[in-house]
Amino acid sequence: MSFASSPSQPRRPAPGARPRRRSPLLITLLVLVAVVVVVVVASQLGTEVLWFNQLGFGRVLLTEWSTRLVLFLIGFLLMGGAVYASIAVAYRNRPLYAPSTPEQATLDQYREAIEPLRRLVTIGLPILLGLFAGASAAGAWKKVQLALHAQSFGTKDPQFHLDLGFYVFSLPFWHFVVGFCVAVIIVSGLVAIVTHYLYGGIRVGASAGGRLATTRAARVQLSLTAALLLLSMAANYWLDRYSLLTKNGTDFAGAGYTDVNAVLPSKLILAGIAVLVAAIFVVTAFRGDWRLPVIGVGLMVVAAIAIGGIYPAVVQRFTVNPNEQAKESPYIQRNIDATKTAFGLDDVDDQSYSATTTAQKGALKKDSQTTAQIRLLDPQIVSPSFRQLQQNKQYYDFPDTLAVDKYTIDGKSQDTVIAARELNLAGLGADQRNWTNEHTVYTHGYGVVAAYGNTTTSDGQPAFFERDIPSVGSLGKYEPRIYFGQNLPGYSVVGAPKGTQPWELDYPDDSADGQVNYTYTGDGGPSIGSFAAKVAYAIKFGDEQLLFSSRVTSDSQILYDRDPRERVQKVAPYLTLDGRVYPAVVNGRVVWMVDGYTTSDGYPYSTGTALDSATADALTQRSRAIAQLAPQEVNYIRNSVKATVDAYTGKVTLYAFDAKDPVLRAWESVFPSTVEPMSEMSGQLMSHVRYPEDLFKVQRTLLTRYHVDDASRFFLGQDFWSVPKDPTVSTSSGTTAPYQPPYYLTLQMPDQKSPSFSLTSAFVPGGNTDRQILTGFLAVDADAGDQAGKVASGYGKLRLLELPRNATVPGPGQVQNNFNTNASVSEQVGQFQRSNAQVLQGNLLTLPVGGGLLYVQPMYLKSTGDTSFPLLRKVLVGFGDQVGFADTLDEALNQVFKGSSGADADDSNQGTGGSGESSGQSGGSEGSGGSEAGSTAQAQLDAALQKANQAIKDGQSALAKGDFAAYGDAQKRLQSALEDATAASEKLDSAGSTPTTSPTSSPTTTSGSGG
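Reading the values: rules and limits
- Residue positions are given per chain, counted from 1 along the sequence in the order it is written.
- Predicted model: local features are reported for residues with pLDDT of at least 70 only, side-chain atom pairs are reported and counted for 80 or more only, and whole-chain, interface and lining totals are derived from all residues.
- To get the side-chain values, all heavy atoms of the structure are used, and hydrogens and water are removed first.
- Numbering goes from the N terminus for both helices and strands, where a helix is a DSSP run of H or I of at least four residues and a strand is a run of E of at least two.
- Relative accessibility thresholds used throughout: buried, under 20% of the residue-type maximum; exposed, over 50%; partly exposed, between the two (1.4 Å probe, protein chains only).
- Any two residues having at least one pair of non-hydrogen atoms within 4.5 Å are treated as being in contact.
- Note on areas: these come from Shrake-Rupley sampling with a 1.4 Å probe, and a residue is covered only by the protein chains present in the view.
- Being paired, for any two strands, means DSSP has found at least two bridges between them.
- Throughout this description, the term salt bridge denotes a Lys or Arg side-chain nitrogen within 4 Å of a carboxyl oxygen of Asp or Glu.
- In this description, one arc is meant: the one made by directions from the helix axis to the C-beta atoms.
- Here an axis means a line fitted to C-alpha atoms, over the contact stretch when the element is a helix, while the angle between two N-to-C directions is reported on a 0 to 180 degree scale.
- Grouping buried Ala, Val, Leu, Ile, Met, Phe, Trp, Tyr and Cys residues that are joined through side-chain atoms within 4.5 Å yields what is termed a nonpolar core.
- The way it works is a 1 Å grid over only the protein atoms, where trapped points that fit a 1.4 Å probe form a cavity and open points with protein on both sides within 12 Å along at least five of seven lines form a pocket, and then any residue with an atom within 4 Å of a point lines it.
- Grid points are joined across faces, edges and corners, and a volume is the space filled by probe spheres set on the points.
- Residues are grouped as follows: nonpolar covers Ala, Val, Leu, Ile, Met, Phe, Trp, Tyr, Cys and Pro; charged covers Asp, Glu, Lys and Arg; every other residue, Gly included, is treated as polar.
- Like charges are joined within 9 Å and nonpolar side chains (Val, Leu, Ile, Met, Phe, Trp, Tyr) within 5 Å, but only among residues with over 30% relative accessible area and no salt bridge; these make up the patches.
- Multiplying 1.5 Å by the residue count of a helix minus one yields the expected span of that helix.
- What is called the bend at a residue is the angle between a pair of axes, fitted to the seven residues leading up to and ending at it and to the seven starting from it.
- Pairs of N or O atoms within 3.5 Å make up the polar contacts considered here, provided that, within protein, one atom can donate a hydrogen while the other can accept it, and that residues adjacent in sequence are counted only when both atoms are side-chain atoms.
- Here the angle decides the label: under 35 degrees means roughly parallel, over 145 means roughly antiparallel, 65 to 115 means roughly perpendicular, and every other value means oblique.
- Any pair of Phe, Tyr and Trp rings, taking the six-membered ring for Trp, is counted once the centres come within 6.5 Å. Such a pair is stacked with planes under 30 degrees apart, edge-to-face with planes over 60 apart, and tilted for the rest.
- Over a ring means this: the NZ of a Lys or the CZ of an Arg is within 6 Å of the ring centre and within 35 degrees of the ring normal.

1. Looking at the overall build of the chain
Part 1 of the argument: Helix and strand content of the chain: 28 helices and 34 strands.
Part 2 of the argument: Here the chain holds 1011 residues, and 53% of them are scored as buried.
Part 3 of the argument: In the chain, of all internal contacts separated by at least 6 residues, the share reaching a separation of at least 24 is 71%.
Part 4 of the argument: Total accessible area on the chain stands at roughly 43700 Å², and carbon and sulfur atoms take up 55% of it.

As structure tokens, this is what we get:
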């Protein structure tokens, strides 16, 4: 029977029959679909080009796209070409005759069914597989670029003595190449087998005498394919030797005793066997005997099981396990040293701290500077307070978690809680939600609001030193408009021809017909004036209004991708970004600060850490303003880039903060001139650089184990710690509380000469124990200084206090329990709750002062009304087992330290914060207050507020005693005092003066029963 296909005869139309014509409608539809696809793709690609070029990062996009395209073509051609060649060779060398058997008769039926589609399959299958392979290859563009621009670490690994750059840059690339080749060979081999079998080149069964029979052509093709596959496997075995140094083991990372003494030799032996068997297949291709390669493959399988599996298991069981500590110690030490270096833990100032738990009178005298800066304002709890007091209009908003920074006010560094007043379209009424308003009128937020971290006003409100619309306060003049931020419309169309009446809402103003309008003058987005641009963006956003609106003019720009984190990620795709961005006023502009990390998972002997789990805590779990990092395991990380995004222009600037980082140097070679040197950072910008939270959280996670730097102690694991759970988060049965977040605050560690802005965290015992005593305290100097282009010498210094093993200093959980069960605290909290006030526990801060560990927690009250907001009412202090509970931090400290702490917390003069400015003011400009009328009104206001403060205290005292008659009398006096204050404030306004104290207060909130 012939297996050759008979020549196909063209069908001739019957006499008189008309030729068959394709449907014009079908052709038209296909053409339209093709045009639509091309236009949509072109609009997406074109708008990306416009966006990157507008930012000045067009080279980034060009480099990424060109690399992806080249890799796609290589992958497509390799896979598609190999598959096509396999099919073509197998078909061209098919046998012409074969025995007539039932098996072949069945195959005849398949061949006849496939024959009409053969050409389509021969061409279509390689194209389809090539597309998948090309897409896979394009996804590896980062590995390829890093390998092409590899840098030296200047350090060699302890096993093979190769530069670490080989493992970080080259090894992942070679693994990709070998893996891709294996995939190509396997797929092309499979299609060759199917083709040969279908056309008789391979016979199995009766026709082959009960064994495998092949034609010479099939034998040659399959043998050479198998030889290539085995050579690829040999290369993979060879590379696996190096990969042992980057694997994560059960107890430690990197190659251990068994790996070095059993697995490494076995990989080398298996690679040699694979090469030998490949040679046997080459011989078989020309000698025609399948027995040798079959035996070779069998021996290879046996060797893989015996040498690659059984032998290492025997060594582990009988050599390592009986003497594991001694055998593994050298390799554990390698792991400890590498992990500390890879995560920046090799210079931790580790010191023993014999903390006392007994509070002595005057113990805080030496720590008075730290005490004066204790942050009482919880940036998560006070967001509603910012919203109620400084939102101004319903279409403005603040994030649910505010940022902590530091500013120099009146020559003194102040811990600050700060937020940008962003736009919130959800606050508009339904009748205001139309395309014109959402995309051309409400285009930007306005200004920043900042409050002292260590004090509040007399009624518990944040003490603002920057506030209101237009912005007034201590930050001076700056561009207040927020066109780029975390909570802005998807896109806005801004700008207008000269002489056009402005239509963008700038800010509300009762004296200017309700609002002041503005026309954007920056260069924040691509031009959308041309018809082509309008069409492209109308397709991109699926919004036809961009084509027809009269407000889209030749001078218009379109602003989109406005989130600072998103903008930085697009122009620097190689960075892993910190989950938090924060605003700062720098050189007269609002900029968003973004921290970028270069990472790797190829650092030899370093422990891999999952970024998503290491950075998750109570704050990331509850806050929408903080991004949770995507799942990614790394064993090397550097905060190599500090980025800024201008809130007005959207300009992204990348600064090389760690220019020595080899990974950053490699990416700078890939994308030259995209990262500015640190010398370009101004002094003001440097003053707002903080040590990043996510890096600190990764480091503290590793320090739970790697504070132990001795291999023998590390092996025992008895000194391992844990990050404490957040005691302020209540959990239901069966759920686990999230970790306590680290906190920014100014403090002085025992070996420091003066306080510094720091990021801190505590440690408790690890393992399965409910004994939550304090085992360690970690702080890093988060202040980068204020010198242009120069980082302060102490920045990034990690200081670890280790408490003695026999110490019984309470941990955060125990302290919170002491607070909650204290008789006076629980009684007062109960009274608050009975008066319909919600009690909110603020962040529990830990400070190493007074020879021990001091805990401070602000307590906020919030009423149940719709317009209520949290007010600071009490302060809790813990030292050892002593608990202080009072209206001010000073009073609470004195309670704990036997009547006098020896320090002045400076929170009793609430509302001044050392600057003479406070909250509660609405818009307007600052007046001199120098006129006689203004002076008299100011005196009346001060007197009224003093009466109001006294009424507040009397009301609280009466409520605590349950004397509701006295409480009612105090409320009446409070109301009268507030009316007097309001009248005095109006006199001040008419006199052109600005009140220096808040003219408003809330009687129900200050008493603990309202907001």
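Moving on, there is more to tell.
2. Describing the side chain of Asp719
Part 1 of the argument: Secondary-structure assignment places Asp719 in the loop between α22 (711-716) and β25 (721-722).
Part 2 of the argument: A relative accessible area of 11% places Asp719 in the buried class.
Part 3 of the argument: Here Asp719 is in contact with Thr704, His707, Val708, Arg713 and Arg805, once residues within four sequence places are set aside.

3. A word on the pairing of strand β32 (residues 854-863)
Part 1 of the argument: With 9 of 10 residues buried, β32 lies mostly within the body of the structure.
Part 2 of the argument: Pairing analysis gives 5 bridges linking strand β30 (residues 837-841) to β32, with the strands arranged antiparallel. The partner of Ala837 across the bridge, within β32, is Ser863.
Part 3 of the argument: One ladder, built from 3 bridges, connects strand β31 (residues 845-847) with β32; its direction is antiparallel. Bridging from a neighbouring strand, Leu847 pairs with Leu854 of β32.
Part 4 of the argument: In textbook terms, the turn of a hairpin is the stretch between consecutive antiparallel strands, and for β31 and β32 this stretch comprises 6 residues, one of which, Gly850, has a positive phi near 65°.
Part 5 of the argument: Across 8 bridges, the pairing between β32 and strand β33 (residues 871-879) is antiparallel.

4. Brief notes about the pattern of salt bridges
Part 1 of the argument: Counted by the stated rule, this structure contains 23 salt bridges.
Part 2 of the argument: Among the ionic pairs, Lys797 bridges to Asp347, the shortest N-O distance being 3.4 Å. On the criterion of sequence distance, the pair formed by Lys797 in the loop between β28 (776-781) and β29 (798-802) and Asp347 in the loop between α10 (324-342) and β3 (349-352) is long-range, its members being 450 residues apart.
Part 3 of the argument: On the basis of relative accessible area, Asp347 is assigned to the exposed category, the value being 52%.
Part 4 of the argument: In this structure, Arg481 and Asp506 form a salt bridge, with 2.8 Å as the shortest nitrogen-oxygen distance. Taken together, the residues Arg481 in strand β12 (residues 481-482) and Asp506 in strand β14 (residues 504-509) connect sequence positions 25 residues apart. Each member of the pair Arg481 and Asp506 is classed as buried.
Part 5 of the argument: Counted as one network, the salt bridges with shared partners bring together Glu48, Asp561 and Lys570.

5. Focus: helix α12 (residues 383-390)
Part 1 of the argument: When we look at burial in α12, the residues that qualify are Ser383, Ser385, Phe386 and Gln390. In an axial view of α12, the angular spread of the buried residues amounts to 160°, which keeps them on one side of the axis.
Part 2 of the argument: Of the surrounding secondary structure, the elements contacted by the buried residues of α12 are β6 (412-420), β9 (448-456) and β10 (462-467).
Part 3 of the argument: Where α12 terminates, the next one or two residues include Asn392, which has phi positive at roughly 75°.

6. Topic: the sheet that holds strand β5 (residues 403-409)
Part 1 of the argument: Spatial ordering of the open sheet is given by β5-β6-β9-β10-β11, a layout of 5 strands whose pairing is antiparallel. Both edges of this open sheet fall to β5 and β11 (472-473), since each of them pairs with a single strand only.
Part 2 of the argument: Sheet analysis places β5 next to β6, joined by 7 bridges and oriented antiparallel. In the sheet register, Thr408 faces β6, and the bridge partner there is Ser413.
Part 3 of the argument: Relative to β10, α12 is tilted by about 55°, and along the sheet it contacts β6, β9 and β10.

7. Looking at unusual backbone geometry
Peptide bonds are, in most cases, trans, and in most cases residues other than glycine have a negative phi.
Part 1 of the argument: The omega torsion across Ile469 and Pro470 is -10°, close enough to zero to call that bond cis.
Part 2 of the argument: Among the secondary structure elements, Pro470 is positioned in the loop between β10 and β11.
Part 3 of the argument: Phi at Asn392 is positive, roughly 75°, even though this residue is not glycine.
Part 4 of the argument: Among the structural elements, Asn392 can be located in the loop between α12 and β4 (396-397).
Part 5 of the argument: With phi around 55°, Lys898 is a residue other than glycine that occupies positive phi space.
Part 6 of the argument: Looking at the element boundaries, Lys898 is found in the loop between α25 (889-896) and α26 (932-961).
Part 7 of the argument: On the basis of relative accessibility, which here comes to 51%, the residue Lys898 falls in the exposed class.

8. A look at the nonpolar core
Part 1 of the argument: Counting 142 residues, the largest nonpolar core has Leu546, Tyr574 and Leu654 as its most contacted members.
Part 2 of the argument: Looking at which element gives the most residues to this core, the answer is helix α6 (residues 164-198), with 11 residues.
Part 3 of the argument: Within the second largest apolar cluster, 63 residues are counted, among which are Ala762, Val829, Phe832 and Ala837.

9. Digging into the layout of surface pockets
To find leftover empty space, a probe the size of one water molecule is rolled over the atoms.
Part 1 of the argument: Here the largest pocket defines a volume of roughly 990 Å³.
Part 2 of the argument: Forming the walls of the largest pocket are 38 residues, and the residues nearest its centre are Thr341, Gly344, Asp346, Arg638 and Asp658.
Part 3 of the argument: Residue assignment for the lining of the largest pocket shows that the elements contributing at least two residues are α10, β22 (636-646) and α21 (693-706).
Part 4 of the argument: Here the residues of the lining of the largest pocket sort into 20 nonpolar, 7 polar and 11 charged.

10. Quick look at a nonpolar patch on the surface
Part 1 of the argument: A grouping of Val33, Val37, Val41, Leu45, Val49 and Trp65 is seen on the molecular surface, where their side chains present a nonpolar patch of about 470 Å² in accessible area.
Part 2 of the argument: Examining the composition of the nonpolar patch, we find that 5 residues originate from one element, helix α1 (residues 24-55), more than from any other.
Part 3 of the argument: For Leu45, a relative accessible area of 40% puts it in the partly exposed group.

11. Let's talk about the environment of Gly850
Part 1 of the argument: Mapped onto the elements of the fold, Gly850 is located in the loop between β31 and β32.
Part 2 of the argument: The spacing of Gly850 and Ser901 is 51 residues in sequence and 9.0 Å in space, taken between C-alpha atoms.
Part 3 of the argument: Apart from residues lying up to four places away in sequence, Gly850 is in contact with Thr356, Ala363, Leu364, Asp367 and Phe879.

12. Describing α6
Part 1 of the argument: A rise of 1.5 Å per residue sets the reference length of α6, with its 35 residues, at 51 Å; its end C-alpha atoms lie 51 Å apart and thus fit the reference within 8%.
Part 2 of the argument: Along its length, α6 reaches its greatest deviation from straightness, about 45°, at Ser170, and the proline Pro172 lies no more than four positions downstream.
Part 3 of the argument: By the N-cap criterion, in which a side-chain oxygen at the helix start approaches the backbone nitrogen of a residue two or three places on, α6 is capped by Asp163, the distance to Gly165 being 2.8 Å.
Part 4 of the argument: Phi for Gly200, located one or two positions after α6, is positive at around 90°.

13. What to know about empty space enclosed by the protein
Part 1 of the argument: In the structure shown here, the tally under the stated rule is 5 cavities of 30 Å³ or more.
Part 2 of the argument: Of the voids in this model, the largest cavity is the one considered here, and its volume is about 100 Å³.
Part 3 of the argument: Per element, the largest residue contribution to the lining of the largest cavity is 3 residues, and it comes from β6.
Part 4 of the argument: For the lining of the largest cavity, the per-class residue count stands at 11 nonpolar, 2 polar and 1 charged.

14. Re the packing of helix α2 (residues 58-92) against helix α5 (residues 141-148)
Part 1 of the argument: The N-to-C vectors of α2 and α5 enclose an angle of 105°; their axes lie 10 Å apart at closest approach. Between α2 and α5, the angle is such that the two are roughly perpendicular. In contact with Thr63, Glu64, Thr67, Arg68 and Leu71 of α2, α5 contributes Trp141, Val144 and Gln145.
Part 2 of the argument: Tallied by class, residues from the contact of α2 with α5 come to 3 nonpolar, 3 polar and 2 charged.

15. Re the packing of aromatic side chains
Part 1 of the argument: Under the counting rule described, the total for this entry stands at 39 aromatic pairs.
Part 2 of the argument: Relative to Phe398, the ring of Phe386 lies with its centre 5.9 Å away and its plane at 85°, an arrangement referred to as edge-to-face. One end of the pair, Phe386, is in helix α12; the other, Phe398, is in the loop between β4 and β5, and 12 residues separate them in sequence.
Part 3 of the argument: Pairing Tyr520 with Tyr648 gives two aromatic rings, centres 4.9 Å apart and planes at 40°, and the pair type is tilted. Remark: Tyr648 occurs in the loop between β22 and β23 (652-656) and Tyr520 occurs in the loop between β15 (514-518) and α14 (531-541); sequence separation between them is 128 residues.
Part 4 of the argument: Of the aromatic side chains, those joined through ring pairs into one cluster are Trp141, Tyr574, Trp667 and Phe671.
Part 5 of the argument: It is Lys642 that lies over the ring of Phe657; its NZ or CZ is 5.0 Å from the centre.

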